[in-house]
Structure formats: structure tokens, C-alpha cells
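The chain contents come next:
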Amino acid sequence: MSMYGRDPWGGPLEIHAADSATDDDRSRNLQDFDRAAMSRNLDETQQSWLLGPTEQKKKKYVDLGCIIVSRKIFKWTIGCILAAALLAGFITMIVKLAPRHKHHSPPPDNYTLALRKALMFFNAQKSGKLPKHNNVSWRGNSCLQDGKSDDSTMFKNLVGGYYDAGDAIKFNFPQSFALTMLSWSVIEYSAKYEAAGELNHVKDIIKWGTDYLLKTFNNSADTIDRIAAQVGKGDTSGGPEPNDHYCWVRPEDIDYDRPVTECHSCSDLAAEMSAALASASIVFKDNKAYSQKLAHGARTLFKFSRDQRGRYSVGNEAENFYNSTGYWDEFIWGAAWLYYATGNSSYLQLATTPGLAKHAGAFWGGPDYGVLSWNNKLTGAQVLLSRMRLFLSPGYPYEEILRTFHNQTSIIMCSYLPIFTSFNRTKGGLIQLNHGKPQPLQYVVNAAFLATLFSDYLAAADTPGWYCGPNFYSTDVLRKFAETQIDYILGKNPRKMSYVVGYGNHYPKRVHHRGASIPKNKVKYNCKGGWKWRDSSKANPNTIVGAMVAGPDKHDGFHDVRSNYNYTEPTLAGNAGLVAALVALSGDRDVGVDKNTLFSAVPPMFPTPPPPPAPWRP
């Protein structure tokens, strides 16, 4: 059956309903009609109707398992990855083979170099079983029976700690002061120790001392009735009984009994030991258990110092070596450190009691006013508490005495300047804080530390200087004072000699020190047998690196003679002040004090304000 219709483009169109032709045939026939129709111009729409979909060339694919991609895209991707890998390898090879121009850090300054050596002195002074990496080849284990050899004492384990100077006595009073000074310097200048690569070293030095101090009293108790004040004996009468002054032997060869001196009424010693443990507890605040142990021991010792009043050196051997003239300054010093360590305001109330300051000599001056030493802590306490006023300003009821201490600190800093005549100076420029008496350097280094520290306090408080009477002085003047004094000690003096052993090319070679003066030759000398080394004019066979000797006389003169301890003997307290001054002056001047660590346990001075009220809603 045929059905005729009208061709919409003008021609007859026949459609066979029962046509058995295939789709391809129909498509071909349609294409024939299309070609006939192309004799006329067709618009775009009409062309699309006729032409239909164009025949596309079949694409080849790659089956990657998870996806199917075009082979062409696959090849391009692999090629790009290989090219990138080759380029990266080529660049890496160029970088590795190219000559490297390293940007070396600037060489360490003189103060940093001297600091590293000054710390080594403490390694040479260690008593007991030495750590493996003590780095002093001529030292070994010594005095491992301390405490056990004395039946009269309850303290049976007093091994450890530090020998005080050139002998083998362990005096707790100057040793504790040395540890307090080292801890103070770490709290203020930990970043500078870190930059010098000595932070872990100095913390090890402090811990060696505090571990020993914890053995000298019942540190687990809240109340005690005695402490060990000294180990060893220093009889200077010249008697035949073996002791630590009569016998000139290496500490490793000591085989005589070493008595322990106990004290039951020793406020100055106990308060100084308390300051040492309290300051160290801040140094080790990241070691919570050890820090709390130190703080507890500090509280126990301070309670003992307040309950059992008395000077530790009265009527015993220490009076000849480290005589304490009073304990009021240690009360202020110890209370200040305990407040910083615990945050307990009762300690701050005690430290700022006017009566205590009066007894300590804060209002009457005197020849030693402003001189920080193992005996007089008042100046250090004044600077330490001035810090609180500068940074925290606690106000009532502490403001009156804190303002007084701040003003007195300013006066003390003025007294250090050469334009004032509080202290004489040698022709070479060394300040005579002990008024021309022997062993001046231990006082000079403490003053240099305090001057640098106070200048850094002012800088941290955005204060450019301070007043001496009507005249205003820049903090640079204080720092210059400290630099000139330390430079003198390091060699800028009339003798062109460094008074720190091992620093520079010209330094003392006959240091008054038993261990350094006797060769490590496996020969054990008896008490008198070692005298030949004491009296020898030859240089010490062992160099005690970092030891600051006692120093020159008031005429800048110095005698490098082993038998004269007033020139050539180093001490723990002296070297601690040297270390503190050196780290304060070392490194980048823009790196000042750590403002916050000292206050880490101090609670907020003022109550936290209440939160704002909720917004009003109609």
C-alpha cells in the first residue's frame, strides 16, 4: 500500500508502509533525496534536519581498571610525568653539584668565649662520683666517704657538691650563694645561654649543687633542727693532724677522715641555702617533681632560719674563712626568692618589712653599702625587688619599701660610675669595691652583673635611664661600666694579663689549686709529700680552664705565685659572679632579660575583672 503525501519542500514524497528495506537502505535513499534537494539553498535549520548526526571516527581507549581513558590522553599524561621527573632530577643534580656558599653565623664575641671557659671551672670543682662527660681529664672520683667517716653526724651521705676553692673543703655558705647567682643568671638570660650553647651545661652545674644541698638536711620534713654546714677541715695552725689545709694532695688521693660540721642555730646559712633551692626551683620549673622538691626544701630551710636565730660562723672554723656578719640580709634575700618560687604573699610581706630592711643596713650605708658578696646579699635583694616594682607595680601595702629599694638601687648604680667617688679605682681602671684589700675581682664581677641587669630592667620597662641627683644618665653608661670592668679582667689592664685561666695567651700559670698543681701520674703523695708541688716555681701541670683568680692588688700588680692565695686562688662564689656578668654582656644586645619566667609562680596582683554584662534585649 502506498501513501502519497506532500513534500513540504515542493516534491512528491512516497512512503511505503510495508517496506522491508533496512535502515541503511532507507538512509541511502534519503541521502539520494537529500542530494536532489540540495539544488536549492537550505537554511541552517533545514540542513540539520536532513544531515542528522555525522559519522565519527572510532576512538581507542585504555582500561586502567578503575577508569577508562583515551589512549591519547594516557600517553600525554605519562609523557608529562616522565618529563617532570627528568627536570626535577636535573635541577636536584645541579643544586647538589653547584658550589655552596654557606652563610656562616658571626663568630662568638669575647664574652661568649670567656663564658664557655668560666663554666668549665665548676666541672673541675666537682666532688664525688663524676659524670662520664665531665670534660676535665685530670679530675676523677673523690671523697666518696663524705659523711660516712664521721660517726658524730646523722648525715651519712654527703657525697657530691663542690670544693670551695684550691682546697677540698665544702663550705655550704659560699656554695649556696654561687648556686643562687647562677640560677638568677639563667632565669634572666636563658636565651643568651641557649645562643652560646651552654644552657644545658649551666643547668647541669646547678643541679649538681642542689642535689648535694638536699642531702645536708632532712628535705622531706616540714620542720628541722639541724643542717650540715661544712664537710672537711681547714686547720691553719700547722698541726700534724691531716686536714684539707695541711695536706697538699689531689682530692682523688684523700684518705684521711673528713669531719662534718653541723649547726643548730644558723639563720644566715639556712636562708642562703633556701634562696639557692628556691631560685633553682624556677630554673627547673619544667621538671615539676624536682622543682616542687626544691621549693619544699627551700620553705623548710627558711622556717628553720627564722625559728633558730643565730650566725652560722660563730665559734667554729668557718669564722676564719667565710665569716658571716649578720643574717638580716639573708632574710630579705631568701624571702624574695621564696615569693618568686611559690607565689606565697607572706614571703613578700616579710621581704618588704621596713624593720627587716633597717636591720640589714638599708638606711645607714657604710663602707660596704652597694657591694654584693657571699656575705652581703642586701644589694642583690634590692635589685631583685626593684624588678617587681618596675614590671608588676603591686602597690599597697608593698609600694613604700619597694620604692625605697628602687631608689636605693639607683643610688648604688650611681656609686659604680667613675664620676662619683664612692669607690676608688686603680690606675688601670679597676673599681675597688673592697677598698684596696686583697681578692678584689669577686666583688667586681658581681657589680658588673648587677649593673648590666639593672640597665636591662630599665630597657625592658621602656625607661631610657635613671637619675643620679639632678643628672640623668643613659642605661648605656651602666653597661659601659660593666664592660670596662670585665674587659679589665679579660686582659685590658696594665699587665695585659687575663685573670681567667685559659682565656687569651697570657694568664696565671701557677694557680693556687691542689688538683691543678699535682700531676696525674699515678703517684699518691702524702700530706707533706705534696708540698713540693705547692712550693714549686714551675707552672701547673694541669690547666684549670675558666678559673678566675683572686686578682691584682690596688696598684694593678700581680704575682703569679702558687703559695700566695691572695693573688692566685679561685673560688666558687667569684666564678659564679663572673659567669653571671659574662652571660649578661654576651651575644646580641637587643636580647634582654626574660620578663616573665621569674614571675611564673606569682599570682595576679589584682583580681580578674568580672565579665561584661549580657547585651540588653528589649
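How each quantity is defined
Residues numbered from 1 in each chain as written. Predicted model: local features only at pLDDT ≥ 70, side-chain atom pairs only at ≥ 80, totals over all residues. Heavy atoms only, no water. UniProt positions renumbered as here; feature names shortened; annotations may be inferred. Phe/Tyr/Trp six-rings, centres within 6.5 Å; stacked < 30°, edge-to-face > 60°. Buried < 20%, exposed > 50% of the residue type's maximum accessible area, 1.4 Å probe, protein only. Lys NZ or Arg CZ within 6 Å of the ring centre and 35° of its normal. Helix = DSSP H or I, 4+ residues; strand = E, 2+ residues; numbered from the N terminus. Core = buried A, V, L, I, M, F, W, Y, C linked by side-chain atoms within 4.5 Å. Contact = heavy atoms within 4.5 Å.

- The protein chain goes by Endoglucanase in an unreviewed UniProt entry, where it is assigned to Anisodus acutangulus.
- In its Sequence similarities (unreviewed entry) section, UniProt records this for the protein chain: "Belongs to the glycosyl hydrolase 9 (cellulase E) family."
- We quote the UniProt Catalytic activity (unreviewed entry) comment for the protein chain here in full: "Endohydrolysis of (1->4)-beta-D-glucosidic linkages in cellulose, lichenin and cereal beta-D-glucans."

### A closer look at the packing of aromatic side chains
Remark: the centre distance and the inter-plane angle together describe each pair of aromatic rings, the angle taken between the planes.
Argument step 1. All chains considered together, the criterion is met by 31 aromatic pairs.
Argument step 2. Taking the centre distance of 5.5 Å and the plane angle of 80° together, the rings of Phe284 and Tyr290 count as edge-to-face.
Argument step 3. In this structure Tyr290 comes out as buried when scored by relative accessible area, which is 9%.
Argument step 4. Relative to Tyr340, the ring of Tyr339 has its centre 6.0 Å away and its plane inclined at 50°; by these criteria the two rings are tilted.
Argument step 5. Taking relative accessible area as the criterion, Tyr339 reaches 3% and is therefore assigned buried.
Argument step 6. Linked through ring pairs, Trp184, Trp333, Trp337, Tyr339, Tyr340, Phe391, Phe449, Tyr457 and Phe599 together constitute an aromatic cluster.
Argument step 7. Positioned above the aromatic ring of Tyr290 is the side chain of Lys207, whose terminal nitrogen or guanidinium carbon lies 4.7 Å from the ring centre.
Argument step 8. Here the basic side chain of Arg387 rests over the ring of Phe599, its NZ or CZ set 5.0 Å away from the ring centre.

### Some remarks on unusual backbone geometry
Argument step 1. A cis geometry characterises the amide bond from Tyr396 onward to Pro397, with omega recorded as 0°.
Argument step 2. The topology assignment puts Pro397 in the loop between α12 (378-391) and α13 (399-416).
Argument step 3. Of note in the backbone geometry, Gln439 takes a positive phi value of approximately 60° without being a glycine.
Argument step 4. Relative to the assigned elements, Gln439 resides in the loop between α13 and α14 (441-460).
Argument step 5. Residue classification places Gln439 among the partly exposed residues on the basis of a relative accessible area of 23%.
Argument step 6. Its identity is not glycine, yet Asp462 carries a phi of approximately 55°, on the positive side.
Argument step 7. In this structure, Asp462 sits in the loop between α14 and β8 (465-468).

### Some details on the nonpolar core
A general feature of soluble globular proteins is that nonpolar side chains tend to end up buried together.
Argument step 1. Ranked by size, the top nonpolar core spans 162 residues in total, and within it Trp184, Ile227, Trp337 and Tyr340 carry the most contacts.
Argument step 2. Among the elements that take part in this core, α14 stands out by supplying 13 residues, more than any other.
Argument step 3. The residues touching Trp184, leaving out its near neighbours within four places in the chain, are Trp333, Trp337, Gly380, Val383, Leu384, Phe449, Leu450, Leu453 and Tyr457.
Argument step 4. Membership of the second largest hydrophobic core comes to nine residues, among which are Ala168, Tyr246, Val249 and Cys527.

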